[in-house]
Amino acid sequence: MNSIIEMFSYSFMMKAFIVGILISLCASLIGVSLVLRKNSMIGDGLSHVGFGAFAIATIFGFAPLEFAIPIVIIASFFILKLNDSGRIHGDARIALISASSLAIGTFAISVTKGVNTDINNYLFGSILSINDGDLFLSIILSIVVILLYVVSYNKIFAITFDEKFAKSIGINTNFYNIIFSSLCSIIVVLGMRLMGSFLISSLIVFPTLSSMQVFKRFKSVVISSIFIGVISFIVGLIVSYNFEAPTGATIVITNLIVFIVFKIIQILRVRRK
């Protein structure tokens with residue numbers, strides 16, 4: 001308990017705590033639909049785009065979040081456009097964009113002289129990188145994401161399970177796909193400051209996969225994912241502070257342990273039946 005009190009006496013830990021809870025909550029909301037639609041790799045692809053955008057923003061002195069968010073949103077539209085064209089299918093389009101963005105970011109940082117940048121902060125995240133501006137922007141955008149998700153919940157539900165049916169009953173699927181991809185882009189960029197490019201997709205995927213082992217209804221999976229995502233973040237943050245371990249990696253390991261526990265519960269349920 002004394003260790004926890006000491007941890008929250010530092011301002012950077014409080015910033016990380018607030019941002020992390022908001023990101024975990026929003027990522028869990030978005031993750032359910034992404035996993036069910038078999039598009040969970042989009043989060044990973046967009047995080048690599050975010051890495052490239054962060055690198056370019058650092059080189060030219062732009063505000064990282066303000067610069068990266070529109071870039072990643074545009075990239076998400078481009079992924080959807082490639083999908084609609086029918087020329088590049090499935091994960092190939094994500095690999096095309098993510099690999100290119102990661103290479104551009106790494107190349108730009110490597111060849112630019114006079115830029116003091118720790119590439120590990122972009123790839124694996126750092127709680128020290130969250131400043132007051134990031135905190136304020138994260139709070140505002142997280143609230144926007146939650147409100148848009150709640151308002152569009154029924155439409156997102158319909159599109160998640162049967163996009164063709166949703167279109168047949170008059171839902172503008174293209175419009176809501178754009179909204180959904182924009183929400184995903186915002187969460188990925190905000191979460192990268194804390195988790196890094198390589199690990200942010202875990203916040204989107206793990207809570208949903210864990211919930212789906214035990215729960216079957218869409219709303220139950222969404223609610224369970226929120227609790228799992230937030231609690232896993234809190235536990236991971238506390239453990240990382242006490243053991244001086246990387247925050248992002250510790251949070252991912254915590255999510256992995258939760259998934260294993262839920263998987264065991266699911267196996268035991270099946271055997272009892």
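What you see is a predicted model; the values in this text were computed from it and never measured.

(A) Region of the structure containing the overall build of the chain. Across its full length, the chain holds 13 helices and zero strands. Starting at the N terminus, the α and β elements of the chain follow one another as α-α-α-α-α-α-α-α-α-α-α-α-α. Relative to the 2.2 N^0.38 estimate, which gives 19 Å for 273 residues, the radius of gyration of the chain is 19 Å and therefore close to what a compact globule would have. Across its three principal directions, the C-alpha atoms of the chain cover 55 × 50 × 30 Å. Looking at the chain residue by residue over its 273 residues, the buried ones come to 49%. Considering only contacts in the chain between residues 6 or more positions apart, those separated by 24 or more positions represent 76%. Surface summary for the chain: the accessible area is close to 13,500 Å², and the carbon and sulfur share equals 68%. Of the side-chain charges in the chain, 19 are positive and 11 negative, and the distance between the mean point of each set is 16 Å.

(B) Spatial organisation of the pattern of salt bridges. A full pass over the atoms with the stated rule returns two salt bridges. Here D132 and K15 are joined by a salt bridge, their closest N and O atoms 2.8 Å apart. One end of the pair, D132, is in helix α7 (residues 132–151); the other, K15, is in helix α2 (residues 11–36), with 117 residues separating them in the sequence. For D132, a relative accessible area of 53% gives the class exposed.

(C) The side chain of S76, seen in detail. Among the secondary structure elements, S76 is positioned in helix α4 (residues 64–85). Judged by relative accessible area, S76 falls into the buried class, the value being 3%. There is a polar contact of 2.5 Å between the side chain of S76 and the backbone oxygen of I73.

(D) Structural detail: the packing of aromatic side chains. The final tally for this structure, using the stated rule, is 10 aromatic pairs. With 5.2 Å between their ring centres and 80° between their planes, F175 and Y176 make a pair best called edge-to-face. Look at Y176 and you get buried, because its relative accessible area is 18%. Three or more aromatic residues link up through ring pairs in this structure, and these residues are Y149, Y153, F157, F161 and F218.

(E) Examining the side chain of S98 more closely. With respect to the element layout, S98 can be found in helix α5 (residues 90–111). Look past the residues within four positions of S98 in its chain and what remains in contact with it is G45 and H48.

Parameters and conventions
- Residues numbered from 1 in each chain as written.
- Predicted model: local features only at pLDDT ≥ 70, side-chain atom pairs only at ≥ 80, totals over all residues.
- Heavy atoms only, no water.
- Helix = DSSP H or I, 4+ residues; strand = E, 2+ residues; numbered from the N terminus.
- Rg over C-alpha atoms; globule rule 2.2 N^0.38 Å.
- Buried < 20%, exposed > 50% of the residue type's maximum accessible area, 1.4 Å probe, protein only.
- Contact = heavy atoms within 4.5 Å.
- Areas by Shrake-Rupley, 256 points an atom, 1.4 Å probe, with all protein chains shown as cover.
- Lys, Arg positive; Asp, Glu negative; His and termini not counted.
- Charge placed at Lys NZ, Arg CZ, Asp CG, Glu CD.
- Salt bridge = Lys/Arg side-chain N within 4 Å of Asp/Glu carboxyl O.
- Polar contact = N/O pair within 3.5 Å; in protein donor to acceptor, adjacent residues only side chain to side chain.
- Phe/Tyr/Trp six-rings, centres within 6.5 Å; stacked < 30°, edge-to-face > 60°.

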